[in-house]
Amino acid sequence: MTSTAAERPVDVLVVGAGFAGMYGVYRAVKAGMSVVGIEAGDDVGGTWYWNRYPGARCDVESIDYSYSFDADLQNEWVWTERYATQPEILRYAQHVAERFDLKRHYRFETRVEFAHYDDATSTWLVGTDTGERYRAHFVVFATGSLSAPNKPDIPGVDDFAGEVLYTAQWPKEGVSLAGKRVGLIGTGSSGIQSTPLIAEEAGSLTVFQRSPNYSVPAFNRPLTDEEQVRIRAEYPERRKKCLYSSSAGPFEAYPKSAYEVDEAEREAAFEERWKAGGVLFGKTFDNQTIDPVINEMARQFAERKVRAIVKDPQVADDLFPTDHPLGTKRICTDSGYFEAFNRDNVKLVNLRREPITSITATGIETDQATYELDTLIFATGFDAMTGALTRIDIRGSNGLDIKHAWADGPVTYLGIGIPGFPNLFSITGPGSPSVLANMILAAEQQIDWLFDLFAFLEENDIVAIEAKAESAEAWIQHVDEAARQTLFVKANSWYNGSNISGKRRLFMPYIGGFGNYRIKCDEEQAQGYPNFELTKASVPATV
Ligand code: FAD
């Protein structure tokens, strides 16, 4: 590969030092490829580096939400709780980086600003905000599905003169909220996880809720010594179950249909899943997110649980969703969320009844009241799935701008390849199971597939690979059809971009199942990548 003096040549450039990027760098080193990783933060961890808000935890059990690629790592690392806290997950990421000596391949505190493809050399020129330039054969965007924070579109959003915090960019040094009048905007997963802890610390907490969400208690607890032994014995089998499962998890739905069982058995099944804690309740029975009748049974069960906790019936009314089926937006996992609203220092403001008119220097005005605040916290989520990529100036073949290519929604083949963008790959991108699966295992599956592809390209003297436009169109149509067969399309969610004003509504993750997706990827590989355009080294690389 040729390059100018100022451009550092590299086989693979990986953007992001989250779990996907770190594994990408690991695989590149193993494959003997030259690699550089670029990361905006000053350390590894991705999501767990940025989201340090009180109460941040995984909602997939820790023992599943961890790498599977190295048996020694798996056996030696000890998760202390069923659902690990953010500091523990970050320690794990750092441990992995040190154990496999990954940090030396990274440039931290460096943001990729542009990536421009050169048709003549089949390479990418990648530029950073620190002025570095790389000439990369392959670019792997492991930039995260939930990594581009969303600043809400509220009049006066920049006018607040007090302390402003984003859950997605929580200060590293921590924050004292003691005695403060805190306002929290947003009741998705981050808002729901942080509310109980903020309520305990703050003088007062006012939660501004536009959209109520379903949440199931985590029933989190430390893992006992006996469990640690059992986990290690069962790990290989547990991981095997994940390989071809619907969401890269080892759990199965209740063995009988919700229609087959009588009310008592159904209730017992829901109760068992509720007590198991977390997101699993959303899949107690098969077809629960497909069949509205089964979904309504689950919904009513959850509603009874919430009403049994929240003392004020009006607050319970406001907290329980009526606008979307259960589990069709990311179901939240909490530790004392609904209980927090029984506290004297916590108030819920239902923005559907009492909309915000503006944010002012001293607080929030609604059309009915003024809320004076010292601290304003935005738990307003992300420009999910596409935001991290479209915020970079990415230009593919013949200067094609990714913002233009994706103006009507993201077009990918298998979520990995993008027509018009040769030698560029997106990990856990739109069109892949991504946020609907255990994302560490989803990233491993895609990265493994990708490095097998790199080996194939090398062996066959292929310098450029690009997803075929017609294959990507067909895949995106399949992704859309799969979603339409479910109740997910009935919800306004970040899955379909409805949380971002002006974003085209399109269901982005592949809901057809992680296992089915793996089969599609395996078939693509076995057949020699028929849905990609392959350019041999001897052929001029211009398109
Ligand atoms: P990320 O961890 O998002 O890492 C991407 C990295 O890319 C970031 O560090 C970012 O700084 C960097 N980056 C982006 N753009 C640029 C650029 N232009 N230049 C340089 N660097 C850049 N998933 C689950 O499966 N289970 C869970 O329990 C779970 N809990 C979650 C809880 C929270 C609070 C959040 C926000 C997400 C959660 N997720 C969960 C999803 C989570 O994002 C993934 O599990 C996983 O951590 C994603 O890893 P990643 O490497 O793909 O991306």
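To be clear, the structure that these remarks concern was listed above.
This write-up is about the structure you can find in this document.

So, how was this worked out
Residues numbered from 1 in each chain as written. Predicted model: local features only at pLDDT ≥ 70, side-chain atom pairs only at ≥ 80, totals over all residues. Heavy atoms only, no water. Helix = DSSP H or I, 4+ residues; strand = E, 2+ residues; numbered from the N terminus. Buried < 20%, exposed > 50% of the residue type's maximum accessible area, 1.4 Å probe, protein only. Contact = heavy atoms within 4.5 Å. Areas by Shrake-Rupley, 256 points an atom, 1.4 Å probe, with all protein chains shown as cover. Lys, Arg positive; Asp, Glu negative; His and termini not counted. Charge placed at Lys NZ, Arg CZ, Asp CG, Glu CD. Near = heavy atom within 4 Å. Polar contact = N/O pair within 3.5 Å; in protein donor to acceptor, adjacent residues only side chain to side chain. 1 Å grid on protein atoms, 1.4 Å probe; cavity = no way out; pocket = protein on both sides within 12 Å on 5 of 7 lines; lining within 4 Å. Points joined across faces, edges and corners; volume = space filled by probe spheres on them. Nonpolar A, V, L, I, M, F, W, Y, C, P; charged D, E, K, R; others polar. Domains from an automatic or database assignment. Pairing = 2+ DSSP bridges. Right-handed = clockwise from strand over helix to strand, strands pointing away. Disulfide = S-S within 2.5 Å. Expected span 1.5 Å × (residues − 1). Axes fitted to C-alpha atoms, helices over the stretch in contact; angles between N-to-C directions.

### As for the overall build of the protein chain
- Scanning the protein chain from N- to C-terminus turns up 15 helices and 20 strands.
- If one aligns the C-alpha atoms of the protein chain with their principal axes, the spans along those axes are about 75 × 60 × 45 Å.
- The buried share among the 543 residues of the protein chain stands at 58%.
- Across the protein chain, every contact between residues at least 6 apart in sequence was considered, and the portion connecting residues at least 24 apart equals 71%.
- Here the protein chain displays about 22200 Å² of accessible surface, and carbon together with sulfur accounts for 49% of that area.
- In the protein chain, the 54 positive side-chain charges and the 76 negative ones have mean positions that sit 2 Å from each other.

### Some details on the site of the ligand
- Residues in close proximity to the ligand total 32 residues, the closest being Glu-39, Thr-47, Asp-59, Tyr-65 and Met-439.
- Ala-20 is positioned such that a nitrogen or oxygen atom in its backbone is 2.9 Å from an oxygen atom of the ligand.
- Here an oxygen atom of the ligand and a backbone polar atom of Thr-47 are 2.7 Å apart.
- Contact with the protein chains covers 95% of the free accessible surface of the ligand, which is 970 Å².

### Overview of the layout of surface pockets
- Taken as a whole, the second largest pocket holds about 1200 Å³ of empty space.
- Surrounding the second largest pocket, 48 residues form its lining, Ser-246, Ser-247, Lys-283, Thr-289 and Leu-436 being those nearest its centre.
- Broken down by element, the residue count for the lining of the second largest pocket peaks at 3 residues, all from helix H15 (residues 514–526).
- Its residues assigned to classes, the lining of the second largest pocket shows 21 nonpolar, 17 polar and 10 charged.
- Of the domains in this structure, domain 1 (7–148 + 383–536) and domain 2 (149–214 + 295–381) are the two that each give at least three residues to the lining of the second largest pocket.

### Describing the pairing of strand E1 (residues 7–15)
- Judged from the 8 bridges that link them, E1 and strand E6 (residues 133–141) form a sheet pairing that is parallel. Along E6, the bridge assignment pairs Val-14 with Val-140.
- One ladder, built from 4 bridges, connects E1 with strand E2 (residues 35–38); its direction is parallel. Across the sheet, the residue bridging to Leu-13 is Val-36, located in E2.
- Handedness of the β-α-β unit built from E1, helix H1 (residues 19–30) and E2 comes out right-handed.

### Thoughts on the state of the cysteines
- In the structure shown here, the tally under the stated rule is 0 disulfides.
- Summary of cysteine pairing: Cys-58 is not part of a disulfide, and the nearest cysteine sulfur, belonging to Cys-242, is at 14 Å.
- We classify Cys-58 as buried; its relative accessible area is 5%.
- Looking at Cys-242, the relative accessible area reads 2%, which means it is buried.

### Quick notes on helix H8 (residues 292–309)
- Look at H8: 26 Å from first C-alpha to last across 18 residues, which is about the 26 Å you get at 1.5 Å a residue.
- Those residues of H8 lying buried are Ile-294, Asn-295, Met-297, Ala-298, Arg-299, Phe-301, Ala-302 and Val-306.
- Considering only its buried residues, H8 is in contact with helix H7 (263–276) and helix H10 (337–340).
- You can read the cap of H8 off the contacts: a side-chain oxygen lies 2.8 Å from the backbone nitrogen of Val-293, and it is on Asp-291.

### Some thoughts on the sheet that holds strand E12 (residues 346–350)
- Ordered in space as E7-E16-E8-E9-E12, the 5 strands form an open sheet in which the pairing is parallel. Two strands in the sheet have a free side with no partner beyond their single neighbour: strand E7 (163–166) and E12. Going from strand to strand, the sheet's axes swing by 20 degrees on average, the running direction of each strand aside.

### Overview of the environment of Ser-68
- Topologically, Ser-68 is positioned in the loop between helix H2 (47–50) and helix H3 (71–76).
- Residues Ser-68 and Leu-373, 305 residues apart in the sequence, show an inter-C-alpha distance of 45 Å.
- In contact with Ser-68, other than residues within four places in its own chain, are Gln-74, Arg-239, Leu-441 and Glu-444.
- In terms of polar contacts, Ser-68 uses its side chain to reach the side chain of Glu-444, at 2.5 Å.

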